[in-house]
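A look at the structure
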Amino acid sequence: MNCIGILTSGGDAPGMNACVRAIVRTAMSHNLQVKAVLQGFDGVMKCAFQELRARDVGGIIQKGGTILQTARCKEFYTPEGQEQGLKNLHYGGIDGLIVIGGDGSMRAAMALHQRGLPVVGIPASIDNDIWGTNMAIGVDTALNTIVEALDKLRDTASSHKRAFLVETMGRRCGYLALMSAVIGGAEMVLIPEVETPVEEVMDTIAQAYARGKTHAIVMVSEGAKYNASQLAQYLAEHAPSMQTRVTILGHIQRGGRPTAFDRLLAARFGVRAVDALLNGQHGTMTALGGREIALAPLSEVTARQRGANLEYYKMAKMLAR
Ligand code: F6P
């Protein structure tokens, strides 16, 4: 193998840049050439390749987002797009590819692997919905962002005796809402994995006040049956004396400086991915299992989706007394 390509794809995640840096410098220490594929799989379709050297990845370790840019590329979902993509990568002299991204990106990586290209994936998505790894790059930073917001919201919620409905990202996975409920001390959490009747939200808030609380924080995950605005509307109609406010954290959760945890994870995944490419361990994804970095087969990773761990759901309820 002489030249490896790197791309970042799907939603950006803090720590992607630290990972790109680790890959480039590890590859260079093995005398490999590295080419960036710009704008994810869109860049594969457009042959947007650019050589990366050690100095090109200087000063990016602390930056959120991705210097390679990213995209969600519909064309690459089709067999014709994948065939063309493979030809373009060969034309660009790329004989091994590292794909940094979420579950959709891992499916695209799997398609290239099945067509014979040596590919290794690196999980990076704030949703933490990728099967096979305990943590993806970006999750820890997003959780820290959410918890910081919750601490601020609690100040104002308490001062006004208000209930806040705080909506997090996560697509179909409740991980971010659930973990931030535990570590941010929320009174309640609504996630896609557990269907909660809307009346229960009203009752839980009322009971929290009855127990002497001066605020109520309800975490609402993207993908839950009701979103924060729908819940607020229900509460306004059925409990008009209850003061509620909605905060949708949105894309703020995806930005910012990666935490120490995410930078270290990014470095470890990046180094392992290059080793895997060189050792013929293709068609795999780097994964955190316990404290060790392992490799999970892309065939398994792409066949399942990780959901929130319901042990934490019980814990969040118990600790909200
Ligand atoms: O997958 C990451 C994520 O932020 C999800 O939580 C969310 O559903 C989606 O991406 C938002 O995508 P976009 O950036 O296209 O709005």
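Residues numbered from 1 in each chain as written. Predicted model: local features only at pLDDT ≥ 70, side-chain atom pairs only at ≥ 80, totals over all residues. Heavy atoms only, no water.

1. Topic: the environment of Gly 280
The condition is simple: Secondary structure elements are taken from DSSP: a helix is a run of H or I of four residues or more, a strand is a run of E of two residues or more, and numbering for both begins at the N terminus.
In this structure, Gly 280 sits in the loop between α9 (260–278) and β10 (284–289). For the pair Gly 280 and Phe 49, spaced 231 residues apart in sequence, the C-alpha to C-alpha distance is 24 Å.

2. A closer look at the sheet that holds β10
Here is the rule we go by: In this analysis, strands are considered paired if DSSP registers two or more bridges between them. Note on method: axes are straight lines fitted to C-alpha atoms, helices fitted across the in-contact stretch only, with angles between N-to-C directions ranging 0 to 180 degrees. By definition, residues are in contact when any of their heavy atoms lie within 4.5 Å.
One open sheet holds the seven strands; their spatial order is β3-β2-β1-β4-β5-β10-β11, and the pairing between them is mixed. Each of the sheet's edge strands pairs with one partner strand only, and the pair in question is β3 (49–51) and β11 (292–297). Across the sheet, the mean angle separating the axes of adjacent strands is 30 degrees when strand polarity is ignored. Where β10 and β11 come together, six bridges link them in antiparallel fashion. Following the sheet pairing, Thr 286 is matched in β11 by Leu 295. Contacts from α9 reach β1 (3–8), β4 (96–101), β5 (119–123), β10 and β11, with the element oriented near 140 degrees to β10.

3. Observations regarding a nonpolar patch on the surface
The following threshold applies: Each patch is assembled from residues with relative accessible area greater than 30% and no salt bridge, linking like charges that lie within 9 Å and nonpolar side chains (Val, Leu, Ile, Met, Phe, Trp, Tyr) that lie within 5 Å. Note that accessible areas follow from Shrake-Rupley with a 1.4 Å probe, and for residues the cover is restricted to the protein chains shown. By definition here, a salt bridge exists when the distance from a side-chain nitrogen of Lys or Arg to a carboxyl oxygen of Asp or Glu is within 4 Å.
A grouping of Tyr 312, Met 315, Met 318 and Leu 319 is seen on the molecular surface, where their side chains present a nonpolar patch of about 390 Å² in accessible area. Structurally, Met 315 can be placed in helix α11 (residues 310–319).

4. Section: the site of the ligand
Defined as follows: Proximity is defined per residue: if any heavy atom of the residue lies within 4 Å of a molecule or strand, that residue is considered near it. Counted as a polar contact is a pair of N or O atoms within 3.5 Å, where, for protein atoms, one must be capable of donating a hydrogen and the other of accepting one, and residues adjacent in sequence contribute only when both atoms are in side chains. When residues are grouped by polarity, Ala, Val, Leu, Ile, Met, Phe, Trp, Tyr, Cys and Pro land in nonpolar, Asp, Glu, Lys and Arg in charged, and all others, Gly among them, in polar.
Lining the immediate environment of the ligand, one finds Arg 72, Asp 127, Met 169, Gly 170, Arg 171, Glu 222, His 251 and Arg 254. A distance of 2.8 Å separates an oxygen atom of the ligand from a polar atom in the side chain of Arg 254. If the ligand stood free it would expose 400 Å²; the protein chains cover 74% of that surface. Looking at the shell around the ligand residue by residue, the class counts come to one nonpolar, two polar and five charged.

5. Let's talk about the domain arrangement of the protein
Put simply, the rule reads: Domain ranges listed in this record stem from an automatic or a database domain assignment. By buried area we mean the combined loss of accessible area, with a 1.4 Å probe, across both parts when two parts are placed together.
Taken domain by domain, the protein consists of domain 1 (3–138 + 258–301) and domain 2 (140–255). A separation of 34 Å is found between the C-alpha centroids of domain 1 and domain 2. With 16 residues of domain 1 at the contact, the number on the domain 2 side is 14 residues. When domain 1 packs against domain 2, the two sides together hide about 1,300 Å² of surface, and 50% of this comes from carbon and sulfur. On inspection of domain 1 and its partner domain 2, the count reaches four salt bridges. Our count for the domain 1 to domain 2 interface comes out at 10 residue pairs in polar contact (both at pLDDT 80 or more).

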